[in-house]
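What the coordinates show
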Amino acid sequence: MRELAVRGMVAGLVLGAVLAAGAQATSPAGSQTKGLQTGSGLVNGYQPTWWKSAVVYQVYPRSFQDSNGDGIGDLRGITARLDYLHGLGVDVLWLSPHYDSPNADNGYDIRDYRKVMTEFGTMADFDALLAGIKARHMKLIIDLVVNHTSDEHHWFVESRQSKNNPYRDYYIWRPGKVGPDGKRMPPNNYRSAFSGSAWQYDPQTGEYYLHLFAIKQPDLNWENPKVRQEVYSLMRFWLDKGVDGFRMDVIPYISKQPGLPDLTPAQQQHPDQVFGNGPRRDEFLQEMNREVLSHYDVMSVGEAAGVTLAQEPALVDDRRHELNMIFNFDAVRINRDGKQWKDWTLPGLKAIYAQHAAQLDTHSWDTVFLSNHDNPRLVSSFGDDRPEYRVASAKLLATMLMTLRGTPFVYQGDELGMTNYPFQSINEYNDIEAKNGWQEDVLGGHVPAADYLANLRRMSRDNARTPMQWDATANGGFTTAAKPWLAVNPNFTTINASAELADPDSVYHYYAQAIALHHRAPALVYGDYRDLDPTNPQVFAYTRTLGQERYLVVLNFSEKPAEFALPPGVRADRLVLGNLHTAAAETGPLHLQGWEARVYQY
Ligand code: ISL
Ligand code: CA
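Residues numbered from 1 in each chain as written. Chains lettered and ligands numbered in written order. Predicted model: local features only at pLDDT ≥ 70, side-chain atom pairs only at ≥ 80, totals over all residues. Heavy atoms only, no water.

1. Focus: the domain arrangement of the protein chain
When the parts come together, some accessible area is lost, and that loss is often what is quoted as the size of the interface. Domain annotation of the protein chain identifies domain 1 (2-146 + 225-420 + 483-517), domain 2 (154-210) and domain 3 (527-601). Counting residues at the interface gives 16 residues for domain 1, matched by 16 residues for domain 2. With both sides pooled, the region where domain 1 packs onto domain 2 buries about 1,300 Å², and carbon together with sulfur makes up 55% of that total. Taken as a group, E230, L260 and D262 account for 38% of the area that domain 1 buries against domain 2, more than any other trio of residues on that side. Among the ionic pairs, D262 bridges to K177, the shortest N-O distance being 3.6 Å. Its residues assigned to classes, the side of domain 1 that touches domain 2 shows 7 nonpolar, 2 polar and 7 charged. (Domains from an automatic or database assignment. Contact = heavy atoms within 4.5 Å. Buried area = accessible area lost by both parts, 1.4 Å probe. Salt bridge = Lys/Arg side-chain N within 4 Å of Asp/Glu carboxyl O. Nonpolar A, V, L, I, M, F, W, Y, C, P; charged D, E, K, R; others polar.)

Next up, the structure:
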């Protein structure tokens, strides 16, 4: 009953937000920018498409909403919250893996691509979720994890049986080497992303299989045309159900280096760049596009670990017919060196966005994101999550996500300003990466426990995976179970959706406003990007321009006040979005408060 009452309240408030935003409803970019269109329908040189002007919201199903009291989020839980997402104004949901899985890596280890994970529900629940999304004129993209499967997938169960099993060649098997001491050694020096060798010895046939991730995630052999056809077939299965595309997990890794030689010491600094640039990568993606994607009006976004910005057009230039866009890691990982936190600077971040603008022409599209289920919380990493700055800095980051160039991705809970979790001990973590690292680094005697934990607390993926905070009741309204699968952040009593829906000044309502602005301003989608002051260490100021439609974005990335002199020609008398209630027009330089964000149209 409690659940129902709360949901009713949430839906009522959301309806209000939707009505309020109604006057600013999305319209196709082209209809508002006739002056800039050429005969071919281009806008500022870009071919307009729905996925370029969309705002995407990532749902991590395990942590979104539990509907049956087992402590694990599920599909019915998501369906029950669709009005909340619709009220936020997002167009597309990206669902992290919902497939049958033994959960060695929370669903990124798939046992059956055509079955829904039992904890998440049934295929009928999936169909109902999809129908609920379509009924709200939203779209759904799902996670395509085909660099590897679970070791419990029937292909692998077969593959490991014998060297002449028909599925043997679905995976990457190699005999070991003999070490100087006469002992068996893995075929090469590749390391798994989750510690240890990337090779696992299998006594059944006396060979090793490759796993760039967990031992329970054997890599598929894309050299085998049968594997590729299996993948295309499962893609069609979901597309024919009506899903609108895929987020493709570590997709550049599908082509392996011929002969799998050892990494050189230099390559060992950046192994992902070797894994992500195999010689047949583009050929495989072009084949996938030809055989599958080109037959549907869908969106494709590749998680492109190992692909540098300079290499990005190879995957996304629309004349190459591979993917629509990728997640380049330069910005999101500016605060780390390997797995270790490192301080970042604002000019460093700006330089990355400037490079994006310079290196991608109108044939290439981009993503804008600074968080997801593999990274700590947005406001904790790039803003300031101390109580006095959390709301303002979370709103500043929302402003930036919705005004930079590229399709913006919002990770669940960031629209509430959710923060990192106050982890104390290794036992509080669930992530295989954290646990394996503890085993190898700390128990192996290489890193003091206190140092490992201090870094992990800041960088762990589990920071982003704690359950959504819906209200101030037990476990944040995520579950009625006594214990959720991963603990709810204790700050749920103050940071939660119900409180934010009721507060017009909340991070949630600010996101809704920023998203609405993104939707009504073609310049924020297709406009040129110009950084006005690249070396300023405190203020990030840029313009987005599409013919006569011009926006100026000014962001004070600091708790300290700042002044910013407007360049000649910029009239700052039309504030269209701001996170602190400043007077719209200022004469002379702008006086920005700590973490103040403003958007002017001029
Ligand atoms: O997040 C990482 C380590 O902290 C990255 O190395 C990450 O593993 C890499 O970006 C690939 O991520 C994707 O594939 C993994 C899965 O664990 C991640 O959740 C997924 O996003 C293996 O499927
Ligand atoms: Ca459940």
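2. Looking at the sheet that holds strand β17 (residues 407-411)
Pairing in this open sheet of 8 strands is parallel, and the strands run β13-β12-β11-β5-β2-β1-β17-β16 from one edge to the other. Only two strands of the sheet have a single partner each, and these edge strands are β13 (325-327) and β16 (367-368). Against the sheet, helix α6 (residues 123-135) makes contact with β2 (92-95) and β5 (139-144), and its axis sits at roughly 140° relative to β5, the strand it touches most. (Pairing = 2+ DSSP bridges. Helix = DSSP H or I, 4+ residues; strand = E, 2+ residues; numbered from the N terminus. Axes fitted to C-alpha atoms, helices over the stretch in contact; angles between N-to-C directions.)

3. Some words on the sheet that holds strand β22 (residues 575-578)
The antiparallel open sheet is built from 5 strands, whose spatial order is β18-β19-β20-β24-β22. Looking along the sheet, the strands with just one partner apiece sit at the ends: β18 (528-531) and β22. Averaged over all adjacent pairs, the angle separating strand axes in this sheet is 15°, with direction ignored. Note that strand β20 (residues 549-556) and strand β24 (residues 597-601) share 5 bridges and pair antiparallel. Bridged to V553 within β24 is V599. Packing against the sheet, helix α12 (residues 346-359) makes contact with β18 and β19 (539-546), and its axis sits at approximately 20° to β19. The strands touched by helix α19 (residues 507-520) are β20, β22 and β24; relative to β22, the strand with the most contacts, the crossing angle is about 145°.

4. Some remarks on the coordination of the calcium ion (ligand 2)
Taken together, the protein ligands of the calcium ion (ligand 2) are D66 (OD), N68 (OD1), D70 (OD), I72 (O) and D74 (OD), with distances of 2.2 to 2.3 Å. Look at N68 and you get exposed, because its relative accessible area is 52%. (Donors = N, O, S within 2.8 Å, 3.2 Å for Na, K, Ca; no water. Buried < 20%, exposed > 50% of the residue type's maximum accessible area, 1.4 Å probe, protein only.)

5. A look at the packing of helix α8 (residues 225-241) against helix α10 (residues 281-291)
In helix packing, the relevant descriptors are the interaxial angle and the interaxial distance, both defined with respect to the helix axes. Two elements in contact, α8 and α10, have axes whose closest approach is 11 Å; the angle formed by their N-to-C orientations is 40°. The angle between the axes of α8 and α10 places the two elements in the oblique class. Handedness of the crossing formed by α8 with α10: right-handed. Across the interface between the two elements, R228, Q229, Y232, M235 and R236 of α8 pack against F284, E287, M288 and E291 of α10. Here the contact of α8 with α10 is composed, by residue class, of 4 nonpolar, 1 polar and 4 charged. (Parallel < 35°, antiparallel > 145°, perpendicular 65-115°, else oblique. Left-handed = near helix turned anticlockwise from the far one by under 90°.)

6. Focus on the confidence of the model for the protein chain
Close inspection of predicted coordinates is inappropriate for parts of the model with low pLDDT. Averaged over the protein chain, the pLDDT score is 93; the fraction of residues at 70 or greater is 93%. Considering each helix and strand of the protein chain separately, the mean pLDDT is smallest for helix α1 (residues 2-21), with a value of 34, and largest for strand β1 (residues 56-59), with 99. (pLDDT = per-residue confidence, 0-100.)

7. A look at the nonpolar core
Core analysis: the largest hydrophobic core is formed by 160 residues, its most contacted members being Y57 and M400. The element best represented in this core is helix α14 (residues 387-401), accounting for 8 residues. Of all hydrophobic cores here, the second largest spans 11 residues; its members include A541, V554, A572 and L592. (Core = buried A, V, L, I, M, F, W, Y, C linked by side-chain atoms within 4.5 Å.)

8. A few points about empty space enclosed by the protein
All chains considered together, the criterion is met by 6 cavities of 30 Å³ or more. Lining the largest cavity are 19 residues, and of these Y353, H356, D366, T367 and R405 lie nearest its centre. Put simply, the parts of the chain that give the lining of the largest cavity at least two residues each are α12 and β16. Broken down by element, the residue count for the lining of the largest cavity peaks at 4 residues, all from α12. A per-class count over the lining of the largest cavity returns 11 nonpolar, 5 polar and 3 charged. (1 Å grid on protein atoms, 1.4 Å probe; cavity = no way out; pocket = protein on both sides within 12 Å on 5 of 7 lines; lining within 4 Å. Points joined across faces, edges and corners; volume = space filled by probe spheres on them.)

9. Thoughts on the packing of α6 against α8
One way to put it is that α6 packs onto α8 with a least axis distance of 11 Å and a crossing angle of 55°. The orientation of α6 relative to α8 falls into the category oblique. Each of M123, F126, D127 and L130 in α6 lies in contact with α8, whose residues at this interface are F237, W238 and K241. The residue makeup of the contact of α6 with α8, split by class, is 5 nonpolar, no polar and 2 charged.

10. Re the pattern of salt bridges
Within the structure shown, the criterion is met by 37 salt bridges. Where E207 meets R168, a salt bridge forms, and the shortest distance between an N and an O atom there is 2.8 Å. Here E207, found in strand β10 (residues 207-210), pairs with R168, found in the loop between α7 (154-159) and β6 (173-174); they are 39 residues apart in sequence, far enough to count as distant. With respect to class, E207 is no different from R168; both count as buried.

11. Some points on the side chain of T466
Relative to the helices and strands, T466 is located in the loop between α17 (462-465) and α18 (497-502). According to the relative accessible area criterion, T466 is buried, its value standing at 1%. Not counting chain neighbours up to four residues away, the residues in contact with T466 comprise S63, R377, M418, Y421, L486, A487 and N489.

12. What about the site of ligand 1?
In the region of ligand 1, 18 residues are neighbours, and D105, D249, E303, D374 and E433 sit closest. Between ligand 1 and the protein, one listed contact pairs an oxygen atom with a side-chain N or O atom of D105 at 2.5 Å. Side-chain polar atom of R247 to an oxygen atom of ligand 1: 3.0 Å apart, as the coordinates give it. Protein burial of ligand 1: of its 500 Å² of free accessible surface, 94% is covered by the chains. Residue composition of the shell around ligand 1, grouped by class: 5 nonpolar, 3 polar and 10 charged. (Near = heavy atom within 4 Å. Polar contact = N/O pair within 3.5 Å; in protein donor to acceptor, adjacent residues only side chain to side chain. Areas by Shrake-Rupley, 256 points an atom, 1.4 Å probe, with all protein chains shown as cover.)

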